[in-house]
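Breakdown of the fold
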Amino acid sequence: MASDAGEEFLRQKHIIFFQRCLHILPSRYAQLDTSRMTVAFFAISGLDILNSLNVLDKDKIIDWIYSLQVLPDATESNLHLCGFRGSTALGSAGLRDRYKSGQDFFPHDSGHIAMTYTALLSLVILGDDLSRVCKRGIRAELHQLQLPDGSFCPTPEGSENDMRFIYCASCICHFIQDWSGMDVELSIDYIRKSLTYEGAFGQGPGLEAHGGSTFCAVASLVLMDRLYDTLSHDELKNLKRWCLFRQQSGFQGRPNKPVDTCYSFWVGATLKLLGCFEMTNFTQNIEFLMETQDSVVGGFGKWPDSNPDALHAYFGICGLSLMKFRDLNLVHPAFNISQRAATHLEWIHEKWDQSRRRAGDDFLVEKHSKFFLRCMEGLPGQATSADVSRTTILYFCLSGLDLVYHLDDLIDTKQQHVDWLYHLYHDSIDHNDSVKCGSTGSLPLANSNHELLAAVSGSHIVMTFSVLSCLLILQDDLSGIDRNVVMRSVRSLQSPDGSFIPCQGSTQTDLKFLYCAVAIGYILHDIPQLDTDGICSYIKSCLTYEGGFGHATGLEAHGSATYCAIAALVLLRRLRTTLLPKEIEAVKRWCFNRQQDGFAGRTNKQPSASYAFWINGTLKMLGSFPAMTSWNTRKFLLELQCLDTGGFVSSPGMQTDMLATYYAICGLSLIDESGTRRLNAALGLSHRAVQHLRTVHLRWLEASVAVIS
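Quick notes on the rules
- Residues numbered from 1 in each chain as written.
- Predicted model: local features only at pLDDT ≥ 70, side-chain atom pairs only at ≥ 80, totals over all residues.
- Heavy atoms only, no water.
- Helix = DSSP H or I, 4+ residues; strand = E, 2+ residues; numbered from the N terminus.
- Buried < 20%, exposed > 50% of the residue type's maximum accessible area, 1.4 Å probe, protein only.
- Contact = heavy atoms within 4.5 Å.
- Disulfide = S-S within 2.5 Å.
- Phe/Tyr/Trp six-rings, centres within 6.5 Å; stacked < 30°, edge-to-face > 60°.
- Lys NZ or Arg CZ within 6 Å of the ring centre and 35° of its normal.
- Core = buried A, V, L, I, M, F, W, Y, C linked by side-chain atoms within 4.5 Å.
- Salt bridge = Lys/Arg side-chain N within 4 Å of Asp/Glu carboxyl O.
- Axes fitted to C-alpha atoms, helices over the stretch in contact; angles between N-to-C directions.
- Left-handed = near helix turned anticlockwise from the far one by under 90°.
- Nonpolar A, V, L, I, M, F, W, Y, C, P; charged D, E, K, R; others polar.
- Expected span 1.5 Å × (residues − 1).
- Polar contact = N/O pair within 3.5 Å; in protein donor to acceptor, adjacent residues only side chain to side chain.

Turning our eyes to something else, we now look at the overall build of the protein. Helix and strand content of the protein: 30 helices and 8 strands. The buried share of the protein, reckoned over its 709 residues, is 60%. Summarising the internal contacts of the protein: among those between residues at least 6 apart in sequence, 70% fall at separations of at least 24.

As structure tokens, this is what we get:
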């Protein structure tokens, strides 16, 4: 029965409805007996969004969830069958005694990918630390479930395969902090092939675009941190358009279909992930959802005057949460749990990271963090030539500390650093300057006449990039930056051939300046101010017969130039429209051939620490990250550590230096070294800093929408 209470939100009745779902269900739910875990998730997470978890016996439910975990037998012969069952239909906790006693497992007693997904989410919501989860078993099962086309079956026995299970697998990998059970590139290929002419995603290649599968595709790419290097600018624009057009009053799942409660979340969350949810009509959406409330028993139905069910009740609540309705807990649009639960997951991951850092004794995290701190206090005598690049040095130090989880060492001086960075930024009378070169001042803890130096020096594109990166690492919101002024300054440095000079008066062109310009445009969310066609044309002109890129047209292929070229194209979302497939394969081959123990920057050169980032980062962006060579890379880099003072040398026999230290740690991050944060290969920033950037972009977008409206 639909609600007759107009705008009244029946919170207490919804709480009672979800409690009933955990205890007893109508006979029509009998067909869901094997999926009790998912029904329980809808109820548990629904109560969390309603801020009412206090009505549950959390410990009892946690024990019930763990009782449905398929554990390895005594010989681990069923490791590939592990995960979580949906119910006791095929097994229960009693089977674990059989496994431990060495008896054979039941051949059809296996985990189900959707049940594993909902079990992990429910455990996190209930405050569990996941310490009893058999992560290696789940990893083995995921590997078993992935098909050659990149999609997943839900069970080892075989079944349907579609986009839903790629999303489940992506969430599972993120939750257990282990992506080794999933061939990410293969799944991305499946996702791309499922993009339709309409602009959204089907459940698989050749199928009709659908709101649910579109959410699964987009959320998976977000969890993989691959959304913006998988879809081009035009593809993202078409995707946003398709999603926005799904709103009638509420949202429909496909064109010419009636609106349905659950799509207020599926399509709404997709728009939230794409940064344009604020463009929807909240009032109409809320009015539709209120019509699907049941005023007698609580919950939400699929349509007005339809019976409520657990799925639509849950996604109705989530749809309202996306709009920050009343006092509901905010829902995390990618995880499909509350932001509160997502914060608890971050705490679990931090706990695991601390444990790994303690175990990774051969990677000298503490000494390297102290090395960066010393560099921030003052440069050694042999590094005085870097005095004019102090802004870049600060970037190396801050980003390095961020990657090894030691940025909190600067908590007392964080504001000093932010203030100093903004001191280098100014609006000049002719609006040609953006960020002053590093020579305009020293590091924050030293003294220098900033104003005098600022009067005689102009902006430098590398320093502009460094300052913006530092501010993001320090979690600044960039509110003190005039984006138009900065972008005009950067645009003034672009030459007619598409290349960039570093500052006014210079004649030097180099792909590293071009990369900095594109990265600045990406950070400031204003790439269109640049001549992107000219940029792509110039990058193409730097491609050599060897397969790599030179720093300028006609120069020898070089590791750092190749990175700058590929990263710029990725940030522009023009990689596959600029380079032919055979050219991309040639770049991959050139990069692979640079590995000896570590990586060399050019042909017939010795390996060096920094190319563990330049080359590996390039391969990661191209989807050919050489996981099989990670051990050699790690061994090479760790042998370059200075055991006494911390830091890395660029090659054996050299002195420690900041550039080698920073890029060695970036290289270790790319191979998931214990004690390092995940690194975004294209921006060269931690995943944490990039997530903050996306929050900044969303805030700018919301502000622009507010101005338009």
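What follows picks up the thread again.
Moving on, we get to the state of the cysteines. Enumeration over the complete set of coordinates arrives at 0 disulfides. Note on Cys-470: no disulfide assigned, nearest cysteine sulfur contributed by Cys-397 at a separation of 9.0 Å.

What follows is about unusual backbone geometry. Positive phi values are uncommon outside glycine, yet Asp-225 reaches one of about 60°. When you line up the elements, Asp-225 lands in the loop between helix H9 (211-223) and helix H10 (227-230).

For the rest of this paragraph, the subject is the packing of aromatic side chains. One pass over the structure, following the stated rule, counts 32 aromatic pairs. Considering the side-chain rings of Phe-277 and Phe-282, the 5.1 Å spacing of their centres and the 35° angle between planes classify their relative orientation as tilted. The buried category is assigned to Phe-277, whose relative accessible area is 1%. Through successive ring pairs, a cluster of aromatic residues spans Phe-41, Phe-42, Tyr-117, Tyr-167, Phe-215, Phe-265, Trp-266, Tyr-314 and Phe-315. The residue whose ring lies beneath Lys-135 is Trp-352, and the NZ or CZ to ring-centre distance is 3.6 Å.

Quick look at the nonpolar core now. Core analysis: the largest hydrophobic core is formed by 116 residues, its most contacted members being Ile-461, Phe-500, Leu-511 and Leu-524. Excluding residues that lie within four positions of it along the chain, Leu-511 makes contacts with Tyr-538, Ile-539, Cys-542, Phe-549, Gly-550, His-551, Ala-561, Cys-564 and Ala-565. Leu-223, Ala-310, Ala-313 and Leu-345 belong to the second largest nonpolar core, which has 114 residues in total.

If the charged atoms of two oppositely charged side chains come close together, the side chains can form a pair. One pass over the full model with this rule turns up 24 salt bridges. Across the pair Arg-164 and Asp-162 runs a salt bridge, and its minimum N-O distance is 2.7 Å. Two residues, Lys-635 and Glu-639, come together in a salt bridge whose shortest N-O distance is 3.0 Å. Judged by relative accessible area, Lys-635 falls into the partly exposed class, the value being 46%.

Take the environment of Ser-537 next. By the secondary structure assignment, Ser-537 is in helix H23 (residues 532-541). Under the relative-accessibility criterion, Ser-537 is labelled partly exposed at 48%.

The next thing to look at is the packing of helix H24 (residues 559-572) against helix H26 (residues 581-592). Remark: H24 packs on H26, axes separated minimally by 11 Å, with the N-to-C direction vectors making an angle of 145°. H24 and H26 meet at a crossing whose hand is left-handed. Here Gly-559, Thr-562 and Ile-566 of H24 lie close against H26, whose contacting residues are Val-587, Trp-590 and Cys-591. Looking at the contact of H24 with H26 residue by residue, the class counts come to 4 nonpolar, 2 polar and no charged.

With 14 residues, helix H17 (residues 390-403) should reach 20 Å at 1.5 Å per residue; the first-to-last C-alpha distance of 20 Å fits that figure. The buried fraction of H17 amounts to 14 of the 14 residues, a majority that puts the element mostly inside the structure. Directly after H17, the chain includes Tyr-405, whose backbone phi takes a positive value near 60°.

Structurally, the position occupied by Ser-220 is in helix H9. We classify Ser-220 as buried; its relative accessible area is 0%. A polar contact of 3.5 Å, which involves the side chain of Ser-220, links it to the backbone nitrogen of Tyr-167. Polar side-chain contacts of Ser-220 include one of 2.6 Å to the backbone oxygen of Cys-216.

Where H9 contacts helix H11 (residues 233-244), the two axes come as close as 12 Å, and the packing angle between them is 145°. As H9 packs across H11, the resulting crossing turns out to be left-handed. The segment H9 lies against H11, with Gly-211, Thr-214 and Val-218 engaging Leu-239, Trp-242 and Cys-243. When its residues are assigned to classes, the contact of H9 with H11 shows 4 nonpolar, 2 polar and no charged.

Right, let's talk about the environment of Lys-135 for a bit. The residue Lys-135 is located in helix H6 (residues 135-145) in this model. The partly exposed category is assigned to Lys-135, whose relative accessible area is 27%. Contact partners of Lys-135, with chain neighbours within four places excluded, come to Ile-176 and Trp-352.

The next subject is the environment of Tyr-29. Mapped onto the fold, Tyr-29 is located in the loop between helix H1 (11-21) and helix H2 (36-49). Residue Tyr-29 is classed as buried on the basis of its relative accessible area of 11%. Excluding residues that lie within four positions of it along the chain, Tyr-29 makes contacts with Pro-308, Asp-309 and Ala-310. A distance of 3.1 Å separates a polar side-chain atom of Tyr-29 from the backbone nitrogen of Ala-310.

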